[in-house]
Amino acid sequence: MRKTRDMPRSRKGKRGSTKPELKNGVKGESASDDDLTSDVVSHYSSASDTTSVLEDGTAGEQVDEQTAQEETEDKLKQCIDNLMDKSAKNRLAALESLRQAFSSRVLHDFLMERRLTISDCLERSLKKGSGEEQAAAATVFALLCIQLGGGDEVEEGFKMLYPVLTAILMDSGASTVARQSCARTLGMCCYASAAEAGEDLIKSLALLESVFVSSYPNREGVLPTPKPGSAGFHSAALQAWSLLVTLCPASRLTVLLDLHLPKLQACLESSDVNYRITVGETIALLVELAQEVDEEFEMEDREGLCECLKSLATDGNKHRAKNDRRKQRSIFREVLHYIENEDFSQEKIRFGVESISIDGWMRRRIYNAFKEILGSGISHHLQFNPLLRDIFGLGSPLILDAAVKGIKMSRLEKHLSNSAAFKARTKLRNKVRDKRADVM
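Quick caveat, the model's predicted, so the values are computed rather than measured.

With that settled, consider the overall build of the chain. Tallying secondary structure elements over the chain gives 18 helices and two strands in all. Accessible area of the chain: about 22,700 Å², with a carbon and sulfur share of 49%.

Further remarks concern helix α5 (residues 131–148). Residues spaced three or four apart along an α-helix point in a common direction, a consequence of the helix completing one turn every 3.6 residues. Over its 18 residues, α5 runs 26 Å from end to end, which matches the ideal 26 Å to within 8%, given 1.5 Å per residue. In terms of residue burial, α5 counts as a mostly covered element, since 15 of its 18 residues are buried. Gly149 lies just past α5 and shows a positive phi near 80°.

A word on unusual backbone geometry. With a phi close to 50°, Asp301 is a non-glycine residue in the positive phi region. Relative to the assigned elements, Asp301 resides in the loop between α11 (273–293) and α12 (302–313). Residue classification places Asp301 among the exposed positions, given a relative accessible area of 51%.

Right, let's get into the pattern of salt bridges. Pairing between side chains of opposite charge can happen when the charged atoms of each approach one another. Counting across every chain of the model gives 13 salt bridges. We note a salt bridge from Asp74 to Lys77, for which the minimum N-O separation is 3.8 Å. One end of the pair is Asp74 and the other is Lys77, both in helix α2 (residues 65–82) and three residues apart, which spans about a single turn. A relative accessible area of 6% means that Asp74 is categorised as buried. A salt bridge links Glu156 to Arg115; the nearest nitrogen and oxygen atoms lie 3.7 Å apart. Within this pair, whereas Glu156 is found in helix α6 (residues 152–170), its partner Arg115 is found in helix α4 (residues 108–128), the two being separated by 41 residues in sequence. Note on Glu156: relative accessible area 38%, which makes it partly exposed.

Now for the pairing of strand β2 (residues 354–358). Summarising burial for β2: four of the five residues are buried, a large majority. Relative to β2, strand β1 (residues 347–351) is paired through five bridges, and the arrangement is antiparallel. Directly across from Arg350, in β2, lies its bridge partner Ser355. What sits between β1 and β2 in their antiparallel hairpin is a turn of two residues, with Gly352 showing a positive phi close to 60°.

This brings us to the packing of helix α3 (residues 88–104) against α4. Following both chains from N to C, one finds α3 and α4 inclined at 140°, their axes separated by 13 Å at the closest point. Taken together, the axis directions place α3 and α4 in an arrangement best described as oblique. Helix-helix and strand crossings are classified by hand; for α3 and α4 the assignment is left-handed. Between α3, through Arg91, Leu95 and Phe102, and α4, the contact on the second element is made entirely by Leu111, Ile118, Leu122, Arg124 and Ser125. Partitioned by chemical class, the residues of the contact of α3 with α4 number five nonpolar, one polar and two charged.

Below, the discussion takes up the environment of Ile349. The topology assignment puts Ile349 in strand β1. Residue classification places Ile349 among the buried residues on the basis of a relative accessible area of 13%. For the pair Ile349 and Ser379, spaced 30 residues apart in sequence, the C-alpha to C-alpha distance is 8.9 Å. Beyond its immediate stretch of four places on either side in the chain, Ile349 contacts Glu354, Ser355, Ile356, Ile358 and Tyr367.

So, about a negative patch on the surface. Together, Asp294, Glu295, Glu296, Glu298 and Glu342 line one region of the surface with negative charge. You can see Glu296 is positioned in the loop between α11 and α12. Classification of Glu296 as exposed rests on a relative accessible area of 63%.

Before going further, it helps to spend a moment on the side chain of Glu209. Following the sequence through the fold, Glu209 ends up in helix α8 (residues 199–212). What Glu209 contacts, discounting residues up to four positions off in sequence, is Trp241, Leu256, Leu259 and His260.

Relative to the helices and strands, Ser251 resides in helix α10 (residues 250–266). Judged by its relative accessible area of 56%, Ser251 falls in the exposed class. Each C-alpha atom, one on Ser251 and one on Val293, is 9.2 Å from the other, the two residues being 42 residues apart in sequence.

Next up on the list: the packing of α2 against α3. Viewed as axis vectors pointing N to C, α2 and α3 meet at an angle of 140°, and their least axial separation amounts to 8 Å. One way to sum up the angle between α2 and α3 is to call them oblique. α2 and α3 meet at a crossing whose hand is left-handed. Residue-level inspection shows Leu76, Cys79, Ile80 and Asn82 of α2 in contact with α3, the latter providing Asn90, Arg91, Ala94, Ser97, Leu98 and Ala101. The residue inventory of the contact of α2 with α3, partitioned by class, reads six nonpolar, three polar and one charged.

Counted by the stated rule, this structure contains seven aromatic pairs. Centroid distance Phe344 to Trp361: 5.1 Å. Interplanar angle 80°. Geometry classified as edge-to-face. Taken together, the positions of Phe344 in the loop between α13 (322–341) and β1 and Trp361 in helix α14 (residues 361–374) put the pair 17 residues apart, joining distant regions of the chain. Overall, Trp361 belongs to the buried group, its relative accessible area being 3%. Ring geometry for Tyr367 against Phe392: centres 6.5 Å apart, planes inclined by 75°, an arrangement best described as edge-to-face. Taken together, the positions of Tyr367 in helix α14 and Phe392 in the loop between α16 (386–391) and α17 (402–405) put the pair 25 residues apart, joining distant regions of the chain. Across this residue pair, the class does not change: Tyr367 and Phe392 are buried. Three or more aromatic residues joined by ring pairs make a cluster, and in this case those are Phe212, Tyr216 and Trp241. The ring of Phe110 carries the charged tip of Arg114 above its face, separated from the ring centre by 4.1 Å.

Cut-offs applied
Residues numbered from 1 in each chain as written. Predicted model: local features only at pLDDT ≥ 70, side-chain atom pairs only at ≥ 80, totals over all residues. Heavy atoms only, no water. Helix = DSSP H or I, 4+ residues; strand = E, 2+ residues; numbered from the N terminus. Areas by Shrake-Rupley, 256 points an atom, 1.4 Å probe, with all protein chains shown as cover. Expected span 1.5 Å × (residues − 1). Buried < 20%, exposed > 50% of the residue type's maximum accessible area, 1.4 Å probe, protein only. Salt bridge = Lys/Arg side-chain N within 4 Å of Asp/Glu carboxyl O. Pairing = 2+ DSSP bridges. Axes fitted to C-alpha atoms, helices over the stretch in contact; angles between N-to-C directions. Parallel < 35°, antiparallel > 145°, perpendicular 65-115°, else oblique. Left-handed = near helix turned anticlockwise from the far one by under 90°. Contact = heavy atoms within 4.5 Å. Nonpolar A, V, L, I, M, F, W, Y, C, P; charged D, E, K, R; others polar. Patch = residues over 30% accessible without salt bridge, like charges linked within 9 Å, V, L, I, M, F, W, Y side chains within 5 Å. Lys, Arg positive; Asp, Glu negative; His and termini not counted. Charge placed at Lys NZ, Arg CZ, Asp CG, Glu CD. Phe/Tyr/Trp six-rings, centres within 6.5 Å; stacked < 30°, edge-to-face > 60°. Lys NZ or Arg CZ within 6 Å of the ring centre and 35° of its normal.

Right under this line is the structure:
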């Protein structure tokens, strides 16, 4: 398990699987894809209560937890079935439903039984779907790997979809959005599969490198003119690569530093603000990792780098959008402060009754990688997902006692409280109006 502050670069301890309890719910009537999406998300929300409450439109009766669980799983099964639908629209809707469900709730036991079926369906979408469908399928597969946790099951799925993910990644004729999604998924799934220093890690690093090195300057030191959409693709590949670099052993890391640091420094002059920011964060991460390996590490042309960072941290170019300038200045002030003083501004992320400290560039890259895929659901996964809790050194999920859980008001209590407050405000306003009428 990783320590909270000093997170090692190897992900050890592959997780065993717990045999899921079978729940044979009766399948409900067929529903539209929009209904399935809303129903699945409403049940698999990020709430931390152990009891699920469903509200009927008129009666608002509480339904038994087991029944609610079975009904929700039936709807998820329907979404999985719809992945094989002939209609591209229905497949996209099913992928979106699964994306929302997988990102908002931990579904390990339910998915463990169905992982091969889902992987088969996702492989089909990646091979035969449109660019939009390929991008959605790649994201759902990344979420599936996060759900299953680091273990043999994830490695099995990763090896299964690795060829099609890399084929899209390297296909210059494929949709840019799909290639971008495949780059993120390749990095996340390789990381989650606990690849460590194995063959999958080395191959994935090389593939991702082959994408963003096309943004490097030529022999004359001139940066290439970016093609439309290429900057976003290069950013996704560089972010995925930097995530995997955190797993590299010291010997491999030294080679990567010598090869990439000088070229990345030149890319700080890129015309795309988001790519410049990604490059700056990657440079800070590489320097941090290098200093962990060798406390006496000194960058070549450190003064030149600091001058460039100062220029970006104070950029007032009116040709750039105001928000872009503000975002760039904020990030590069942090990068410059770290390069000059080896000091990182710590950030605390709170979720439930717990929190984690983002106290370095490596920890930030790992947290941001999961947040990019999980979205707002990352808080729930930090509370209950064993993989994330292992990575961030949180231990087993907390089991709150009844006293702590009791602090949270039920929906009925909230409704009654709000109604009472509304009535009190109405009475007060009426009295004020009456006084105003008397004055008039």
